[in-house]
Amino acid sequence: MSDRYARLVNAPIAGPIARRVGLPQPVRLERHRPGDPALRGLALLGTAPGGRLAQAVAEVLAQAGVDTATETPSDQRFKALVFDASAIADSTELVELQSFFHPTVGLLERCGRVIVLGTAPAACATPRAATAQRALEGFTRSLGKELGGRGVTVQLVYVAPGAEDELASTLRFLLSPRSAYVSGQVIRVGEPPRVDTPAGRDRAVGDAPSSDAPSSDAASSDAASSDAAPSVAAPSEIDWEQPLAGRVALVTGASRGIGAAIAQTLAREGARVAGLDVPALGDELRAAMQPLGGSAIGLDITSPEAPAAIVERFPEGLDVLVHNAGVTRDRTLAKMPAERWSELMAINLSSEERINDALLGAGALRAGGRIVCVSSMSGIAGNSGQTNYATSKAGVIGMVQALAPLLTDGQTINAVAPGFIETQMTAKMPIAIREAGRRMSSLAQGGLPIDVAETIAWFAHPASGAVNGNVVRVCGQNLLGA
């Protein structure tokens with residue numbers, strides 16, 4: 001859907017007038033194109049004294065082909081600023097943030113990237129260190145609001161002790177245009193999980209596979225099976241253009257909008273994709289899957305037989321499951337009948353629980369498998385007239401947080417929480433509500449379905465095994481919610 005306001009206030013004649021009267025002028029965001037470099041420019045690296053992550057960051061960026069600098073020439077501009085704040089252990093040391101960023105933020109190019117790396121407060125050795133590390137959240141969220149008008153995004157990445165070598169997929173995602181509509185987020189990279197299958201017992205995800213580990217085989221023509229689960233590769237061995245090659249992905253609600261974009265993006269990353277939607281949308285689903293070489297599954301996920309049918313459809317297991325199917329049934333609570341509540345809850349939350357239970361109970365999610373859920377900003381901030389929807393989407397977040405520590409064999413579960421995304425649904429909103437939704441973020445514009453899909457592809461990445469239990473908002477740093 002076209003953002004006519006953004007086009008108008010950036011036009012040659014109207015643009016200067018908009019600047020004079022202080023109207024928001026959304027920057028056209030850069031987005032990923034196949035074959036793009038990891039970063040379209042130079043990254044400046046900095047560190048507080050004693051930082052434990054600087055070397056790991058430099059190695060990741062070198063492997064990604066990113067040009068880096070550690071000093072600031074007077075005539076140089078930067079596409080990214082990356083600062084290791086992991087060793088800040090006292091509030092008096094937070095001045096290191098000012099020392100690094102004060103002279104450099106003005107040198108950032110449009111659509112630049114800022115990443116601050118820290119240590120999760122719970123992992124700190126002293127209360128003062130935990131206090132200082134928690135303070136980083138206020139810094140990054142405020143800086144994101146200061147720089148968002150230039151299309152710049154700002155993130156905080158907490159890296160657990162022992163996870164220094166698990167940064168590759170996260171840094172590549174956050175530095176690239178793939179994360180165009182993700183800003184003001186706090187991401188946690190934990191310790192690398194262990195794979196407990198016979199071929200990978202006592203081996204961390206990301207370690208090189210043993211010589212007798214099963215090799216990767218392509219899925220069958222309907223994306224339903226393969227002869228062996230893909231092996232777990234070290235980051236240096238991953239094909240970063242096709243990281244999901246040989247893996248099988250199922251996307252629910254895949255016939256249109258965000259679901260179709262997710263399927264397209266996972267297929268672009270090399271996955272064999274199956275799309276699922278209700279039988280009534282069968283024609284649209286088949287049309288969406290056909291260009292991808294994927295299969296279409298017509299199934300009502302709320303039916304009692306659905307979980308078993310999904311397990312049966314993938315006898316060799318799944319590598320990626322994306323819970324995208326969802327509906328809205330808006331009405332104020334005083335006017336909401338029980339069936340309206342229950343129908344939505346069955347689709348948005350209960351069906352996901354039952355499918356997860358069936359897959360995990362049958363061992364149908366392969367070692368290193370990924371579950372990715374689509375929550376919503378409503379599940380974080382709430383929304384008038386959406387008590388049922390917000391309850392279901394907050395429940396999705398609860399499900400992610402509850403399941404994450406229970407998964408084994410290198411499996412992960414994470415969620416995205418979209419904000420205002422330009423879809424057929426938002427196109428039908430009254431214009432005043434639609435414009436408010438677009439402008440109430442640091443980036444002052446709506447996101448695109450591809451923005452949600454790119455974030456899901458990062459979660460699904462084989463090198464994202466240490467990213468588990470996260471809920472990342474894809475909202476342009478919406479001004480509402482945490």
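Computed from a predicted structure; not experimentally measured.

(A) Layout of a nonpolar patch on the surface. A cluster of nonpolar residues, Met 440, Leu 479 and Leu 480, forms a patch on the protein surface that exposes about 260 Å² of accessible area. Here Leu 480 shows up in the segment after β15 (471–474). By relative accessible area, which is 46% here, Leu 480 ends up partly exposed.

(B) Structural context of the sheet that holds strand β2 (residues 67–69). Spatial strand order, β2-β1-β3-β4-β5-β6: 6 strands in an open sheet with parallel pairing. The open sheet has two edge strands, β2 and β6 (185–189), and neither has a second partner. The sheet shows a mean angle of 25 degrees between the axes of neighbouring strands, taken without regard to direction. Inspection of the sheet shows strand β1 (residues 42–47) paired to strand β3 (residues 78–84) by 5 bridges, in the parallel sense.

(C) Focus on helix α12 (residues 387–403). With 17 residues, α12 ought to run about 24 Å at 1.5 Å a step, and its terminal C-alpha atoms sit 24 Å apart, in line with that. Restricting attention to buried positions, one finds in α12 the residues Asn 388, Tyr 389, Ala 390, Ser 392, Lys 393, Val 396, Ile 397, Met 399, Val 400 and Leu 403. Buried positions along α12 lie against α10 (338–361), β13 (365–374), α11 (378–381), β14 (412–418) and β15.

(D) Layout of the sheet that holds strand β12 (residues 318–323). Strand order in the open sheet formed by 7 strands is β11-β10-β9-β12-β13-β14-β15, and the pairing between neighbours is parallel. The two strands at the open ends of the sheet, each matched to only one other strand, are β11 (295–298) and β15. If you compare each strand with its neighbour and ignore which way they point, the axes differ by 20 degrees on average. Both β12 and β13 contribute to a ladder of 5 bridges, which runs parallel. Within β13, the position partnered with Val 322 by the bridge is Val 372. Of the strands in this sheet, β12, β13 and β14 are in contact with α10, which crosses β12 at around 170 degrees.

(E) Inspection of the packing of helix α7 (residues 257–268) against helix α15 (residues 449–460) at higher detail. Taken N-terminus to C-terminus, the directions of α7 and α15 make an angle of 45 degrees; their axes are 8 Å apart at the nearest point. As summarised for this structure, α7 and α15 are arranged oblique, according to the angle between their axes. Of the two possible hands of crossing, α7 and α15 adopt the one that is right-handed. Together, Gly 257, Ile 258, Ala 261, Ile 262, Thr 265, Leu 266 and Arg 268 of α7 and Pro 449, Ile 450, Val 452, Ala 453, Glu 454, Ile 456, Ala 457 and Ala 460 of α15 make up the contact between the two elements. Among the residues forming the contact of α7 with α15, the class breakdown is 11 nonpolar, 2 polar and 2 charged.

(F) Local environment of the pattern of salt bridges. Enumeration according to the criterion identifies 18 salt bridges in this entry. A salt bridge links Asp 451 to Arg 31; its shortest N-O distance comes to 2.8 Å. Taken together, the positions of Asp 451 in helix α15 and Arg 31 in the loop between α2 (14–21) and β1 put the pair 420 residues apart, joining distant regions of the chain. Note on Asp 451: relative accessible area 2%, which makes it buried. Residues Glu 164 and Arg 52 are paired through a salt bridge, measuring 2.7 Å at the closest nitrogen-oxygen approach. Taken together, the residues span a long stretch of sequence, with Glu 164 in the loop between β5 (153–159) and α6 (168–175) and Arg 52 in the loop between β1 and α3 (54–63) at a distance of 112 residues. Classification of Arg 52 by relative accessible area gives partly exposed; the value is 28%.

Rules and cut-offs
Residues numbered from 1 in each chain as written. Predicted model: local features only at pLDDT ≥ 70, side-chain atom pairs only at ≥ 80, totals over all residues. Heavy atoms only, no water. Patch = residues over 30% accessible without salt bridge, like charges linked within 9 Å, V, L, I, M, F, W, Y side chains within 5 Å. Areas by Shrake-Rupley, 256 points an atom, 1.4 Å probe, with all protein chains shown as cover. Salt bridge = Lys/Arg side-chain N within 4 Å of Asp/Glu carboxyl O. Helix = DSSP H or I, 4+ residues; strand = E, 2+ residues; numbered from the N terminus. Buried < 20%, exposed > 50% of the residue type's maximum accessible area, 1.4 Å probe, protein only. Pairing = 2+ DSSP bridges. Axes fitted to C-alpha atoms, helices over the stretch in contact; angles between N-to-C directions. Expected span 1.5 Å × (residues − 1). Contact = heavy atoms within 4.5 Å. Parallel < 35°, antiparallel > 145°, perpendicular 65-115°, else oblique. Left-handed = near helix turned anticlockwise from the far one by under 90°. Nonpolar A, V, L, I, M, F, W, Y, C, P; charged D, E, K, R; others polar.

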